[in-house]
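Observations on the three-dimensional arrangement
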Amino acid sequence: MLTLLAGCGAGNGDGAQGPAPTQTASGNSGAPKAERSPAPPDKPAAPGSSEPSSPATSRVPQEKTGDEIGAASARVPAPAWHGDAAPVEVLVVRAGAQGGNEFATLDAALEAAGRRGPAGRLIRVHGMHTPTKEPAVNLSGTHGHPLIVEGAGPGSGIDMSKAPAVPLKSFQGPNCLAVNHAEYVVVRNLTCRNNRSGAGITVYASSHVRISNTKVSDVKNAGINSLGTAKRRNRQILLDGNEVTGTSTRHSPAHRPQEADWSPAIVAHHTDGVTITGNEVYENFGEGIDCLLSTDCTVSRNTVRDNWSVNVYVDNASQVSIDRNFITSTGKKTFERNSRPAAGIQLAQESYRSFVPLKNVSITHNVVSGSAAALSYYPYECDTRENAAEACGMRDVTVAHNTFARPPRLAKVSEALVVVGGTPDERTVDNLSLVNNVLAAPSHGLLQIGSRSGVRFDTNCWSNRPPRQIDARATVGDPRFRNADSRNPDDYQVGSGSPCTRTPAKAGRLGMKTFGAL
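Please read these numbers as outputs of a predicted model, since none were measured by experiment.

On to the overall build of the chain, then. Helix and strand content of the chain: 3 helices and 36 strands. When burial is assessed residue by residue, the chain has 60% of its 518 residues classed as buried. Here the analysis covers contacts within the chain between residues at least 6 apart in sequence; of these, 70% occur between residues at least 24 apart. Of the roughly 19000 Å² of accessible surface on the chain, a fraction of 49% belongs to carbon and sulfur atoms.

Here's what the structure looks like:
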């Protein structure tokens, strides 16, 4: 079986990922052990080990109706707390502060909030604050009165250009802003930039935290980082409306010869109940969005493009919804790996000290274009682990109403558009359904499938004929996109006269207007 090699190494302190194995001529893993990230020192026993596991053997895929598939993304609950409340007091951070409720530094304003009681306090940062150490929120608000840190307007926030540099391979440098062991905190409308030492905004061992409408750029490690541990997991985190670009500079072209590891732009690591929605994530030197060792992870309505290796990565995660995202690579060579663009959506199981079973994953209504593989699964040495029966294999995965497209400029890419299946030793597939998708590639390479056990294709529209007997109700033909290599997701609507447009249902059967996401 051809395996798409875009997995990452074991997570480090800020959820960072290490390099994937290189691909040999046979398509198998050939990475030296030294190229993988070391496991973080605080990785404890498995967070999911107490959860009953599915059997390793495959079973017959369960039939789902169109309505059930269309509603699949609703299975993962969004955080119930959004932090929308009026403040009881405003503390201002600005240059030349004169006292009272005005402070020259963010640290001073946070200290004052702690003395006065942080509940309901809003700390507003005017202009760019340039600290020499990490600003840290170690205070908690309440459900009705959160602690809020916000930028006063465009260009207001934190510039870390004066922070001391730390060694390239260290993940322990100061963040632009850290939320530590806190509850009910909102960070919004804040700019974070120029951090050559650490990450952008990190939420550590906290709950009910919202990071909203921030702009993170040019930071060494992760951009927005929900970082828990197996013993102290983050819970109920909302990351919405943010713009994240130029992160993981440790892995920029200038540093790659030094084998620097990389971090995702936005990552949920050891997090339960996280929603990542409405963000723009682009041109980062690590993955785009990661759900790693996490549960109840929703990735919705994001634009994710031109990131390194993988645009959306789900590794050791359960109860995941990837819904209505636009995911693309536009041909920018700086962000290609081995002269290939990033994978679109990849499911994986890398080896960690702990694990979360990869199960109950819903991938619906996404447009994925320009990727080396639009959808793939990579079991990272799963079958060699002592807990392989519990930790390995993807179970109960629904892939429905997506549009997976490869433009003509990528006609020579060797990876298949969709890579599924596996061997019995890898315990890879248990109830995987691919239904009502559009799969379009120039002339070949639509599908690479190993064992068909546990896999069901039903009523997809293929640009060229899939392997015989894969999809008994397949439709085959040109979907007639407006533009198969566009940055506008609306251009992936199927055109007039396309075979991917259905006629009205007959004989009382519920019909659907089109295949795919649009």
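Another aspect to go through is the pattern of salt bridges. A full pass over the atoms with the stated rule returns 20 salt bridges. With a closest N to O distance of 3.4 Å, Arg 94 and Glu 102 form a salt bridge. Classification of Glu 102 as partly exposed rests on a relative accessible area of 27%. Where Arg 324 meets Asp 323, a salt bridge forms, and the shortest distance between an N and an O atom there is 3.3 Å. Looking at Arg 324, the relative accessible area reads 36%, which means it is partly exposed.

Mapped onto the elements, Ser 156 comes out in the loop between strand S6 (147–151) and strand S7 (157–159). Judged by relative accessible area, Ser 156 falls into the buried class, the value being 6%. Between the alpha carbons of Ser 156 and Gly 127 there is a distance of 4.2 Å; along the sequence they are 29 residues apart. In this structure the side chain of Ser 156 is engaged in a polar contact, spanning 3.1 Å, whose partner is the backbone nitrogen of Gly 127.

Our next topic: the nonpolar core. One finds Leu 106, Ile 123, Leu 347, Phe 404 and Leu 432 to be the most contacted residues of the largest nonpolar core, which totals 79 residues. When near neighbours in sequence (up to four residues on either side) are disregarded, Phe 404 contacts Val 368, Ala 374, Leu 375, Val 399, Leu 417, Val 418, Val 438, Leu 439 and Ala 440. Counting residues in each nonpolar core, the second largest holds 12 residues, with Ala 405, Val 438, Tyr 492 and Phe 515 among its members.

Among the residues of helix H2 (residues 106–116), those classed as buried are Leu 106, Ala 109, Leu 110, Ala 112 and Ala 113. Axial view of H2: buried residues confined to an arc of 160°, hence all on one face. Opposite the packed face of H2, turned more than 90 degrees from it, sit the exposed residues Glu 111 and Arg 115. Looking one or two residues beyond H2, the residue adopting positive phi is Gly 117, at roughly 95°.

A separate point is the packing of aromatic side chains. Tallying each qualifying case throughout the model produces 6 aromatic pairs. Residues Phe 457 and Trp 462 carry aromatic rings whose centres are separated by 5.8 Å and whose planes lie at 45° to one another, so their mutual orientation is tilted. Like Phe 457, the residue Trp 462 is buried in the burial classification. By way of ring pairs, the aromatic residues Phe 326, Phe 481 and Tyr 492 are connected into one cluster.

Should the sulfur atoms of two cysteines be covalently bonded, the bond is a disulfide. Counted according to the given criterion, the structure contains 3 disulfides. Disulfide pairing places Cys 176 opposite Cys 192 at an S-S distance of 2.2 Å. Every disulfide takes its handedness from the sign of the S-S torsion; for Cys 176 and Cys 192 that torsion is 80°, giving right-handed. Of this pair, Cys 176 sits in the loop between S7 and strand S8 (177–180) while Cys 192 sits in strand S10 (residues 191–195), placing them 16 residues apart in sequence. Both residues of the pair, Cys 176 and Cys 192, belong to the buried class. Disulfide partners in the chain, listed by the sequence order of the bonded cysteines, are 1-2, 3-4, 5-6.

Take the side chain of Thr 202 next. You can see Thr 202 is positioned in strand S11 (residues 201–204). Leaving out residues up to four positions away in the same chain, Thr 202 has contacts with Asn 175, Leu 177, Ala 178, Val 179, Asn 225 and Leu 227.

Moving on, we get to the confidence of the model for the chain. Keep in mind that low pLDDT regions are not for reading the predicted coordinates in detail. Mean pLDDT over the chain stands at 81; residues scoring 70 or higher make up 78%. Ignoring residues within four places in sequence, the model shows residues 1–74, a span with pLDDT below 50, making 223 contacts including any to other chains.

This part is about the environment of Glu 150. As for its position among the elements, Glu 150 is in strand S6. Between the C-alpha atoms of Glu 150 and Ser 212, which are 62 residues apart in sequence, the distance is 9.4 Å. Among all residues touching Glu 150, those that are not within four sequence positions of it are Leu 122, Ile 123, Arg 124, Val 125, Arg 188, Asn 189 and Leu 190. A distance of 2.8 Å separates the side chain of Glu 150 from the side chain of Arg 188, its partner in a polar contact.

What follows covers the environment of Trp 262. Here Trp 262 is to be found in the loop between strand S16 (243–245) and strand S17 (266–269). Exposure remark for Trp 262: the relative accessible area of 1% places this residue in the buried category. Here Glu 287 takes part through its side chain, which lies 3.1 Å from a polar atom of the side chain of Trp 262.

Thresholds applied
- Residues numbered from 1 in each chain as written.
- Predicted model: local features only at pLDDT ≥ 70, side-chain atom pairs only at ≥ 80, totals over all residues.
- Heavy atoms only, no water.
- Helix = DSSP H or I, 4+ residues; strand = E, 2+ residues; numbered from the N terminus.
- Buried < 20%, exposed > 50% of the residue type's maximum accessible area, 1.4 Å probe, protein only.
- Contact = heavy atoms within 4.5 Å.
- Areas by Shrake-Rupley, 256 points an atom, 1.4 Å probe, with all protein chains shown as cover.
- Salt bridge = Lys/Arg side-chain N within 4 Å of Asp/Glu carboxyl O.
- Polar contact = N/O pair within 3.5 Å; in protein donor to acceptor, adjacent residues only side chain to side chain.
- Core = buried A, V, L, I, M, F, W, Y, C linked by side-chain atoms within 4.5 Å.
- Arc of directions from axis to C-beta.
- Phe/Tyr/Trp six-rings, centres within 6.5 Å; stacked < 30°, edge-to-face > 60°.
- Disulfide = S-S within 2.5 Å.
- pLDDT = per-residue confidence, 0-100.

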